[in-house]
Amino acid sequence: MVTDVVVVDGGGSIGDALASRIAADGGGVMFLAENEHAVERASDAGVDARTVDVGRAGTFDDDAIERADVALVVSPEDGHNLLVGQFLRLRRVKRVVALVNDPANLDAFAEAGIEPVCVTGTLTGVLDARRREPRAATRERATETSSESHETDEPSRTDDRTRLRSDGGRVEPHE
């Protein structure tokens, strides 16, 4: 099997789920973790999963790892992710992406040639998008309702309250 992605988990619960998802999508994936239960779950999902000491450089002396297109390092500890990411860079993995839990550590990862994915930034972006979704959906419904009433020959029978948008603006009545 060709290994496209190497997922290295250092004690969190993200790695096996991520590896299983990549495998389910048809990607060749190798999962490396210290947690035997996580390795078992990934293995049950059809992943090439191995219990290893991910804090030891020799763990990554594997041709499949060196040929991988990308390595994902997803521990809940930034120091661990940085160290493992550096081991993988030494193995000449084409692209190393690591989870960064504290935004203050972003520069250290970038300087080491590791692409950081900041938990705080990602979560903030998702929450912001979700916060904005209801407004967008309300505007969409108001536009649809406005279009539907415009398509009929009947005059609009709405009062001022229904002409107010959720953001406080007014919807102009159709003539």
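Sequence order as written defines residue numbering, which begins from 1 separately in each chain. Side-chain atom pairs in this predicted model are given and counted only at pLDDT of 80 or more, local residue features only at pLDDT of at least 70, and totals for whole chains, interfaces and linings cover all residues. To get the side-chain values, take all heavy atoms of the structure and skip hydrogens and water.

1. Considerations on the nonpolar core
Stage number 1. One finds Val6, Val8, Leu32, Phe60, Ile65, Leu88 and Val96 to be the most contacted residues of the largest nonpolar core, which totals 21 residues.
Stage number 2. Of all the secondary-structure elements, those providing two or more residues to this core are strand S1 (5–9), strand S2 (29–33), helix H3 (63–67), strand S4 (70–73), helix H4 (78–90) and strand S5 (95–100).
Stage number 3. The element contributing the most residues to this core is H4, with four residues.
Stage number 4. Leaving out residues up to four positions away in the same chain, Phe60 has contacts with Val8, Leu32, Val54, Ile65, Val84, Phe87, Leu88 and Arg91. As used here, the term nonpolar core means buried Ala, Val, Leu, Ile, Met, Phe, Trp, Tyr and Cys residues forming a set that is joined through side-chain atoms within 4.5 Å. Whether a residue is buried, partly exposed or exposed follows from its accessible area with a 1.4 Å probe, protein chains only, as a fraction of its type maximum: under 20%, in between, or over 50%, in that order. Helix and strand assignments come from DSSP, with helices taken as H or I runs of at least 4 residues and strands as E runs of at least 2, each series counted from the N terminus. Contacts are assigned to residue pairs with any non-hydrogen atoms lying within 4.5 Å of each other.

2. So, helix H1 (residues 14–24)
Residues spaced three or four apart along an α-helix point in a common direction, a consequence of the helix completing one turn every 3.6 residues.
Stage number 1. Among the residues making up H1, those that are buried are Gly15, Asp16, Ala19, Ser20 and Ile22. Each buried residue of H1 lies within a common arc of 160° when the element is viewed along its axis, so the set occupies one face. In H1, the exposed positions angled more than 90 degrees off the buried face are occupied by Arg21 and Ala24.
Stage number 2. Phi turns positive one or two residues past the end of H1, at Gly26, with a value near 95°. By arc we mean the arc of the directions from the helix axis to the C-beta atoms, nothing more.

3. Observations concerning the confidence of the model for the protein
Stage number 1. Think of pLDDT as the predictor's per-residue confidence, scored from 0 to 100. Taken residue by residue, the protein gives an average pLDDT of 79. The fraction at 70 or more is 73%.
Stage number 2. The least confident element of the protein is helix H6 (residues 119–151), whose mean pLDDT is 70; the most confident is helix H5 (residues 106–111), at 95.
Stage number 3. Overall, residues 149–171 carries pLDDT values under 50, and its contacts beyond four positions in sequence, including any with other chains, amount to 15 contacts.

4. Describing the packing of aromatic side chains
Stage number 1. Two aromatic rings from Phe, Tyr or Trp, using only the six-membered ring of Trp, form a pair when their centres are within 6.5 Å; if the ring planes differ by under 30 degrees the pair is stacked, by over 60 it is edge-to-face, and anything between is tilted. In the structure shown here, the tally under the stated rule is one aromatic pair.
Stage number 2. Centre to centre, the rings of Phe60 and Phe87 are 6.0 Å apart; their planes meet at 40°, and the pair counts as tilted. With Phe60 in the loop between strand S3 (48–51) and H3 and Phe87 in helix H4, this pair connects stretches of sequence that are 27 residues apart. The same class applies to Phe60 and to Phe87, which are both buried.

5. Focus on the sheet that holds S1
Stage number 1. Read from one edge to the other, the open sheet built from six strands follows the order S3-S2-S1-S4-S5-S6, with strand pairing classed as parallel. Only two strands of the sheet have a single neighbouring strand rather than two, namely S3 and strand S6 (115–118). Each adjacent strand pair in this sheet contributes to an overall mean axis angle of 20°, direction not counted.
Stage number 2. Between any two strands, pairing holds if DSSP finds at least two bridges. As defined by bridge partners, S1 adjoins S2 across five bridges and the pair is classed as parallel. Directly across from Val5, in S2, lies its bridge partner Val29.
Stage number 3. Its contacts with the sheet place H1 against S1, S2, S4 and S5, and it is angled at close to 165° to S1.
Stage number 4. Of the strands in this sheet, S1, S4 and S5 are in contact with H4, which crosses S5 at around 175°. With axes taken as lines fitted to C-alpha atoms, and helix axes fitted only over the stretch in contact, angles between N-to-C directions fall between 0 and 180 degrees.

6. What to know about helix H2 (residues 36–44)
Stage number 1. Inspection of H2 places Ala38, Val39 and Ala42 among the buried residues, and these make up the whole buried set. Projection of H2 onto a plane perpendicular to its axis shows the buried side chains occupying an angular sector of 100°, all on one side. Away from its buried face by more than 90 degrees, H2 exposes Glu36, His37 and Asp44.
Stage number 2. Elements in contact with the buried residues of H2: H1, S2 and S3.
Stage number 3. For the purposes of these results, a polar contact is taken to be a pair of N or O atoms within 3.5 Å, where, inside protein, one atom must be able to donate a hydrogen and its partner to accept one; residues adjacent in sequence count only when each atom of the pair is a side-chain atom. The N-terminus of H2 is capped by Asn35, whose side-chain oxygen sits 2.7 Å from the backbone nitrogen of His37.
Stage number 4. Backbone geometry just downstream of H2 places Gly46 in the positive-phi region, at approximately 90°.

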